[in-house]
Amino acid sequence: QRQLVESGGGLVQAGGSLRLSCAASGRTFSSYAMGWFRQAPGKEREFVVAISRSGVNTYYADSVKGRFTISRDNAKNTVYLQMNSLKPEDTAVYYCAARSSVSYSSVPNSFDYWGQGTQVTVSS
């Protein structure tokens, strides 16, 4: 069973930055494509960004393109989400997810493992 643990969430003013981390257990982290999703109260879980197993390929939702950056360090079994120019509409619980596939995906049901989530709140 793979475990994913997110950290780095918090309260920030609009225009500020946060860096989320997702640490994975196990020795096969590099075999998983990774993704970040978010869910605001009363809304469905929303795709944010995904990254391929090697980290070479990334795919962003239009709403975060140019503001968020995903990266991974396979030696540390960790994926990161750098969030800049945050807006109040970015407020949500952010989840990382792992997918045992060579390709990345934006579909939540295609991911095999999920973290518990970390709250990000952006005040106006």
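Now for a description of the structure that goes with this document. (Residues numbered from 1 in each chain as written. Predicted model: local features only at pLDDT ≥ 70, side-chain atom pairs only at ≥ 80, totals over all residues. Heavy atoms only, no water.)

1. Quick notes on the overall build of the protein
Phase 1 of the analysis: A count of helical and extended segments in the protein gives 0 helices and 11 strands.
Phase 2 of the analysis: Walking the protein from its N terminus toward its C terminus, one meets helices and strands in the order β-β-β-β-β-β-β-β-β-β-β.
Phase 3 of the analysis: Taking 124 residues into account, the globule formula puts the C-alpha radius of gyration at 14 Å, and the protein, at 13 Å, falls close to it.
Phase 4 of the analysis: When each of the 124 residues of the protein is scored for burial, the buried share is 45%.
Phase 5 of the analysis: A separation threshold of at least 6 residues defines the contact pool for the protein, and within that pool the share at least 24 residues apart is 59%. (Helix = DSSP H or I, 4+ residues; strand = E, 2+ residues; numbered from the N terminus. Rg over C-alpha atoms; globule rule 2.2 N^0.38 Å. Buried < 20%, exposed > 50% of the residue type's maximum accessible area, 1.4 Å probe, protein only. Contact = heavy atoms within 4.5 Å.)

2. Details of the state of the cysteines
Phase 1 of the analysis: If you walk through the whole model with that rule in mind, you get 1 disulfide.
Phase 2 of the analysis: Here Cys22 pairs with Cys96 through a disulfide, and the sulfurs are 1.9 Å apart. The S-S bond linking Cys22 to Cys96 shows a torsion near 45°; that makes this disulfide right-handed. A residue pair is termed long-range when its members are at least 10 positions apart, and Cys22 in strand β3 (residues 18-24) and Cys96 in strand β9 (residues 92-99) qualify at 74 residues. The pair Cys22 / Cys96 is uniform in exposure class, with both members buried. (Disulfide = S-S within 2.5 Å.)

3. Section: the nonpolar core
Phase 1 of the analysis: Grouped together as the largest cluster of nonpolar side chains are 34 residues, with contacts concentrated most on Met34, Trp36, Leu81, Met83 and Tyr94.
Phase 2 of the analysis: Sorting the residues of this core by element identifies β3, β4 (33-39), β5 (46-51), β7 (68-73), β8 (78-83), β9 and β11 (118-123) as the ones contributing at least two each.
Phase 3 of the analysis: If we skip the residues at most four places from it in the chain, Leu81 touches Leu18, Arg19, Leu20, Trp36, Val48, Val49, Phe68, Thr69, Ile70 and Tyr94. (Core = buried A, V, L, I, M, F, W, Y, C linked by side-chain atoms within 4.5 Å.)

4. As for the packing of aromatic side chains
Phase 1 of the analysis: All told, the structure shown has 8 aromatic pairs when counted by the stated rule.
Phase 2 of the analysis: Its guanidinium or amino end placed over the ring of Tyr80, Arg19 lies 4.0 Å from that ring's centre, counting from NZ or CZ. (Phe/Tyr/Trp six-rings, centres within 6.5 Å; stacked < 30°, edge-to-face > 60°. Lys NZ or Arg CZ within 6 Å of the ring centre and 35° of its normal.)

5. Focus: the sheet that holds β7
Phase 1 of the analysis: Spatially, the 4 strands line up as an open sheet ordered β1-β3-β8-β7, and their pairing is antiparallel. Since the sheet does not close on itself, it has two edges, and those belong to β1 (4-7) and β7, each with one partner. Strand after strand, the sheet turns through a mean of 15° between neighbouring axes, direction not considered.
Phase 2 of the analysis: In this structure, β7 lies alongside β8, joined through 6 bridges in antiparallel fashion. Across the sheet, Asp73 pairs through a bridge with Thr78, a residue of β8. (Pairing = 2+ DSSP bridges. Axes fitted to C-alpha atoms, helices over the stretch in contact; angles between N-to-C directions.)

6. Things to note about the environment of Ala50
Phase 1 of the analysis: Structurally, the position occupied by Ala50 is in strand β5.
Phase 2 of the analysis: On the basis of relative accessible area, Ala50 is assigned to the buried category, the value being 0%.
Phase 3 of the analysis: Between the C-alpha atoms of Ala50 and Arg99, which are 49 residues apart in sequence, the distance is 10.0 Å.
Phase 4 of the analysis: Ala50 has contacts with Met34, Gly35, Asn57, Thr58, Tyr59, Ile70, Tyr104 and Ser105, leaving out every residue within four places of it along the chain.

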